[in-house]
Amino acid sequence: MGLKDPRTCRIFFSSPFGGMEGEREELTRKYFPQLHHLCNSKGIQFVAVDMRWGITAEASSNAQVIKICLRELDRSDLFVGFFGQRYGWHGKNDELLQKTFDEAIEKYPFLEKWRDKSVTELEFLHGHLNAPGQMPAVICFRDKAFDDMRREEGIQTGNKSLVYKYSAEEGSRPLMDDLKTRVKATERQTLGVNMAYSTPEEGVKFMFDAIWKHLTEVTFKDMSNQQLTRRENELLQHTAFLKNRSGLYVGGDNYLAILNRSSETTEGKPVFVKGIKGSGKSALLSTWIKALQENNTEILIGYHFVGFAEGSTGIPNILRRLHEDLGCQLGSHADSDQTKDKFDQSDLMETIHHWARKLKLTLQKISSVGKKAVIVIDGLNMVDSPGKVGKHLFWLPDSLPKGTHLVVSSVSSDEKTIRELVERRGFSVVEITPLLPEDQATFCKKSLMASGKELSPDQLARVVVAQNTHNPLFLTIVMEELCVFGYFRNLDKKIDSLINSESVEELFLQYLERLEVDYNVNEYPGNVVEKVMCSLALSHQGLTENELIEMHCIPSYVWSPLHFALGKYLVDRSGVYGFAFNELRSAVVRKYMDSPDTKHKHCKEMITFFQNQLKNALNISFSDKAQNVRPCFELPWLYIEIGDKLGLATVLSHLLVFNILYSDDVYQLLELWKQTGLNGKEIAKRCIRSFNALLTKEYCEKMEDFLDQDMSARMKLLDLLDKVRELLNLAQMIEGEEMILHRAKELMENLEGKMDESEWTDKFNSIKYSLACLYCDTERFEEAQRLHDDVITYRLRLFETPGHSPSLQEIRNLAVSYHGVAATHLCQGNWDKAEEMFYKSIEYEEKVEQNKAEKTADCYVNLGNVYMNGRSDFVKALEYYRKALQMYEEAFPGQLPLTIGNLMTNMALCHRKMNQLDEAEKLYKRSLEIKVNAVGEDHPSTAVANLNLSTLEVIRNNFTKAEEYCRNALRIYEVNEYPSHLKEIIMARENLALNLARHQGRQEESLPYYWPAFNALVEKNEMDRCLPRLHAEIARYCLEKGRYDDARKITMAMLKSSVACDRNYIHLHFLDSKLPEDQRPEHPKEYSLEHAISIWPFSKGLVEYTAELHMIPRDDKEGFLRMIENYHTSTEGTEGDEFFKQAAGWCGPEKRDLIMEVLHMGLKYFPSSKILLCNVILYMREDNQVCDAVPFAERLYESSMDECRFQMFASETVAMAARFDLARKFLSEIKVRWSNEDGISEKVENVLKVLDSAEAETK
């Protein structure tokens, strides 16, 4: 027997108004959720029609009750009737009731002969008795003994309402008996009749069993017999959700019109629908999809509602569903292999890209045949994460074939999605705003109508004007709670209680209280609601049904109704359930875990459960597939929740947990280890202890059947130990990594001669190679080179063995060895040799089929480093870096691992050195973002990015910001316990000290950073790698403060290096000058000022110091003049005549002859220099050599046509030499030339008068 509406299963529940609340409540809380689940699994919506509070007072007063009830019966598929002792509203003399008969008779003529019957019996008549068997029916009558007991209870307690509910109306018993007789007579035409059930629970169980049997064996029989494909099953679930949500849409036509316009053009932009949680995004998209299906049958529509069907949150499943569904609509293929509906997390990225390619091909095929396709993905915020370094939404198609339209949705708070889709990809935005009052009213009516209920106008108005009901999620929860509320007389109180909640969280608190009332039962000890909800709230991934049942020993009869009641607020992630709303999680924490002790108690219960599961699992999984991996994804986070670092470290050291988490996401595993607070050595010790425990003979024997036949247990375990090493390498926890390598090496040495020789040699050389790389990273280059040479010699020998054809793995091993050797040369600055070896590595890598782009990319990165650091060819370096980036993107599709972050740092450094500061800053910050996301903000790689940003800010003279970056870099190195001799921490300390001392004048503050760096450099004999400016500045400061011993220590260290600067020589000479002559040390000629001048003839500070404190006091006139002339020529005269003026000043006032020689030398290069001519003239006038000064005055006059003051000075000099005619000529010209200048004419006249007077005296 089919459904009247193929999309909906309506069951009409008929009973008198009073006395049957217990049955209705039992149905609502315990059995309706199960019927919802059953129907939804068939793609059908379940509607329970209970008219006991579905009819408003207004409808009753308007005589509409009978018509409304029978109308709902006409739409229903099943009839369920139940009576107690009360017969219900009846009476031929009841004026209002008879009026309701009058209103209904026109449509239902049979009513005329039943005017003495109750409204409930009229429902029995229309639903069953008038045509027995036409509509499936279940009818029950409650045993009189139960009503008598309840009535007596009311009498004893003085509860008149209770007495009334459980008492038959006067004169109604014959009517009831007659009804029972007629029902009993039709029993064979029903699904079941129970004439005397003893309790409401018994009666409701009888009803439910009959309904369930009919639905599963009759109504849904065809669906059950048909073997649905996976695609059809998934489609049923998504379609059921679509039907449900489309019936609740209240947003009007505006949003629909926007979506229609965006999809009408073949080149329309993709659309991003955003709104707060529960705002109606799903309802809008469901309504739009439904309209497209009805009005545009030529469009192929693929839709996916994330989180509302099993497995719907996984990225592979989303892509697969869309590919299969669109393909089936096109008719191009059948369902895919159903055995592949689960995907290993270890293959996640590969699987995602597989289905992404499949979907792309399907869309291209649709476009190629001229059809349009629409893809709708609702709820991006609930999609599973692709891993810690996965690019956000990389799997979502970035370019679409012609005629393909994409619409997606997420919550407004999803900032990452908004940045990616709106800002980067340019999606159009449709934002759903809070509900308007008219929309709220419509939504309430639709929500309640689906359950056959209705609010009165007054009740509806109260809901609409309430403070928080404009929030769609808030309003949805209110309606859901009203739909399951069975006490009509308390309805107003319930409405007020709900709508007066101050937030969604507060509303969920009421929901939790209702769950406790409905589902905490006497048969189960404790609060089952609290246990289940706290466990879900504390879980990391969520919990399965079995986990919840076993964890809390919940019987099925207790769990089943609660499980179905929770369904609307849970997300099903392939059988793992979690909260759909954070507000519900917050409400659970607030209600049940407001104290640390309570939270701790619940966590410990979960930890005990999962620890027991872990004990029962295999101790180790070599294939990355364990019998039960769930403890691995819950225990670490539970220990974090209670702050138990020791427990966290213990569970992470369990090698099953380590192996599973490593395979799932090594970056996440690293983050978990950081939470323990342990350093690399402590992590290594713990893992080695676990490793040693697994090496026992008993374990190896127990595992023998599990292992592959071609490798022993020890070798399998060794591979696992290598994963620990790789984790520590990623974390740059060098000491811990070295401990792991030595333990692996020790094990291999013990296995020598006990296993296949070639296998042993290969593995042993792999360990030696890793150890060599570590030595290189820690600047133990001799040891690194020795091990690399050993390994590459062995691997080359394989190629030279007669008759041996190298395997692909052997070729790759050789490529790796060349890379290791090249890296060692690179770190030592052997640029040519490094380049040669990197190309060798690439040569062998490219011989391997399915070449690993990552390894080749590593070589290109290092070639870029050769050209950037060794040859300052930044353009060529960037060329290599870009090539490497392209290869990394091929190797890590959809991911942003640490490797890419490091590469971007190098690219940024190139741009900085090319003075492209804005591009450098952009890349530095992107690099830092990638690194922090991958390995956390305290990983050593982020220190490099901070140091580079610091240098950038120094260039911009933003020294405070530079200091901030530099301090953060140093903090990161110190947190990671970097030894003080490593170049990274030396560089950080030097840069911070330089910033403080040189750029901010805070020399004293710089010293705690400076001295550890200096001592480390001296100890390593690596002053050649220092920052010379810093050491010169600190030496200068020490001299200034009289700390001569410190200054001498710095100066001598610098002079012994290859990066000594001019200031070091000055400082040494100054320090020696402070000693008595007989105590002054003898230095090599290479430390003399003369030697310094020969190296830095262009150093003004050195020239000035040598002149003033060395040459001039020693009257080394020739040396001094030669030195300043050399300075002028070596600087190409860039300082101009000003330099000679300054040089003259160095001579001192008593060295007038030397001063004149310096000035004349300056005039040789700058014959028209006004400043030099003035100084020569001035000195001659002072020495009474005025006549000799006249030629210079004439030159000054001629070269100063644009400056009056110099011409006046020249005129005065000529006059002083008694060259009156020439003086008058100059003054006359000045008067004319500068006539517009204030006071010039007057000044000239005064000079002329003095000139006349002087000339007269001479005559």
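Reading guide: rules and limits
- Residues numbered from 1 in each chain as written.
- Predicted model: local features only at pLDDT ≥ 70, side-chain atom pairs only at ≥ 80, totals over all residues.
- Heavy atoms only, no water.
- pLDDT = per-residue confidence, 0-100.
- Contact = heavy atoms within 4.5 Å.
- Salt bridge = Lys/Arg side-chain N within 4 Å of Asp/Glu carboxyl O.
- Helix = DSSP H or I, 4+ residues; strand = E, 2+ residues; numbered from the N terminus.
- 1 Å grid on protein atoms, 1.4 Å probe; cavity = no way out; pocket = protein on both sides within 12 Å on 5 of 7 lines; lining within 4 Å.
- Points joined across faces, edges and corners; volume = space filled by probe spheres on them.
- Polar contact = N/O pair within 3.5 Å; in protein donor to acceptor, adjacent residues only side chain to side chain.
- Buried < 20%, exposed > 50% of the residue type's maximum accessible area, 1.4 Å probe, protein only.
- Axes fitted to C-alpha atoms, helices over the stretch in contact; angles between N-to-C directions.
- Parallel < 35°, antiparallel > 145°, perpendicular 65-115°, else oblique.
- Left-handed = near helix turned anticlockwise from the far one by under 90°.
- Nonpolar A, V, L, I, M, F, W, Y, C, P; charged D, E, K, R; others polar.
- Pairing = 2+ DSSP bridges.

## Concerning the confidence of the model for the chain
Inference 1: A residue-level look at the chain finds 93% of positions with pLDDT of 70 or above and a mean pLDDT of 87.
Inference 2: Below pLDDT 50 for its whole length, residues 334–346 participates in 23 contacts with residues either more than four positions away or in separate chains.
Inference 3: Confidence drops under pLDDT 50 across residues 703–711; counting only partners more than four residues distant or on other chains, this segment forms 14 contacts.

## Some points on the pattern of salt bridges
Inference 1: For the coordinates displayed, the defined rule picks out 83 salt bridges.
Inference 2: With a closest N to O distance of 2.7 Å, R1224 and D1252 form a salt bridge. With R1224 in helix α58 (residues 1220–1233) and D1252 in helix α59 (residues 1240–1258), the pair connects residues that are 28 residues apart, well separated along the chain.
Inference 3: The network of salt bridges with shared partners includes D918, E921, K925, E953 and R956.

## Concerning empty space enclosed by the protein
Inference 1: Evaluated as defined, the whole model comprises five cavities of 30 Å³ or more.
Inference 2: A volume near 60 Å³ is recorded for the largest cavity.
Inference 3: If you trace the largest cavity, you find it lined by L718, L721, D722, R725, I740, L741, A744, K763 and I767.
Inference 4: A per-element tally of the lining of the largest cavity places helix α33 (residues 713–730) first, with four residues.

## Comments concerning unusual backbone geometry
Inference 1: Positive phi outside glycine occurs at E977, with the angle close to 55°.
Inference 2: Locating E977 in the fold gives a position in the loop between α44 (959–975) and α45 (983–999).
Inference 3: Even without being glycine, E1132 reaches a positive phi, approximately 55°.
Inference 4: In this structure, E1132 sits in the loop between α52 (1117–1130) and α53 (1137–1146).

## Here's the deal with the side chain of E121
Inference 1: Considering the arrangement of structural elements, one finds E121 in helix α5 (residues 119–129).
Inference 2: A distance of 2.3 Å separates polar atoms of two side chains, one belonging to E121 and the other to R182.
Inference 3: If near-sequence neighbours (up to four positions away) are discounted, E121 is found in contact with F83, Y87, L175, L179 and R182.

## Points about the side chain of T239
Inference 1: Among the structural elements, T239 can be located in helix α11 (residues 230–246).
Inference 2: A relative accessible area of 19% means that T239 is categorised as buried.
Inference 3: Reaching out from T239, the side chain makes a polar contact with the side chain of Y303 at a distance of 3.0 Å.

## What to know about the packing of helix α51 (residues 1100–1111) against α53
Inference 1: Where α51 meets α53, the closest approach of the two axes is 9 Å, and the angle between their N-to-C directions is 30°. Taken as axis vectors, α51 and α53 run roughly parallel relative to one another. Of the two possible hands of crossing, α51 and α53 adopt the one that is right-handed. Along its contact with α51, which presents K1100, V1103, E1104, A1107 and E1108, the element α53 presents F1139, Q1142 and W1146.
Inference 2: When the residues that make up the contact of α51 with α53 are grouped by side-chain class, the tally is four nonpolar, one polar and three charged.

## Regarding the sheet that holds strand β10 (residues 428–431)
The strands making up a sheet associate through hydrogen bonds between their backbones, and the pairing can be parallel or antiparallel.
Inference 1: Strand order in the open sheet made by the five strands is β7-β8-β9-β6-β10, with parallel pairing throughout. Of all strands in the sheet, those bounded by a partner on one side alone are β7 (300–305) and β10. Pairwise comparison of adjacent strand axes, ignoring direction, gives a mean angle of 15° for this sheet.
Inference 2: Taken together, the five bridges between strand β6 (residues 271–275) and strand β9 (residues 404–411) define a ladder with parallel strand orientation. Note on β9: the bridge partner recorded for G275 is V411.
Inference 3: Of the strands in this sheet, β7 and β8 (373–378) touch α11, which is tilted by about 85° from β7.
Inference 4: In the packing of helix α15 (residues 348–368) onto the sheet, contacts are made with β7, β8 and β9, and the angle to β8 comes to roughly 145°.

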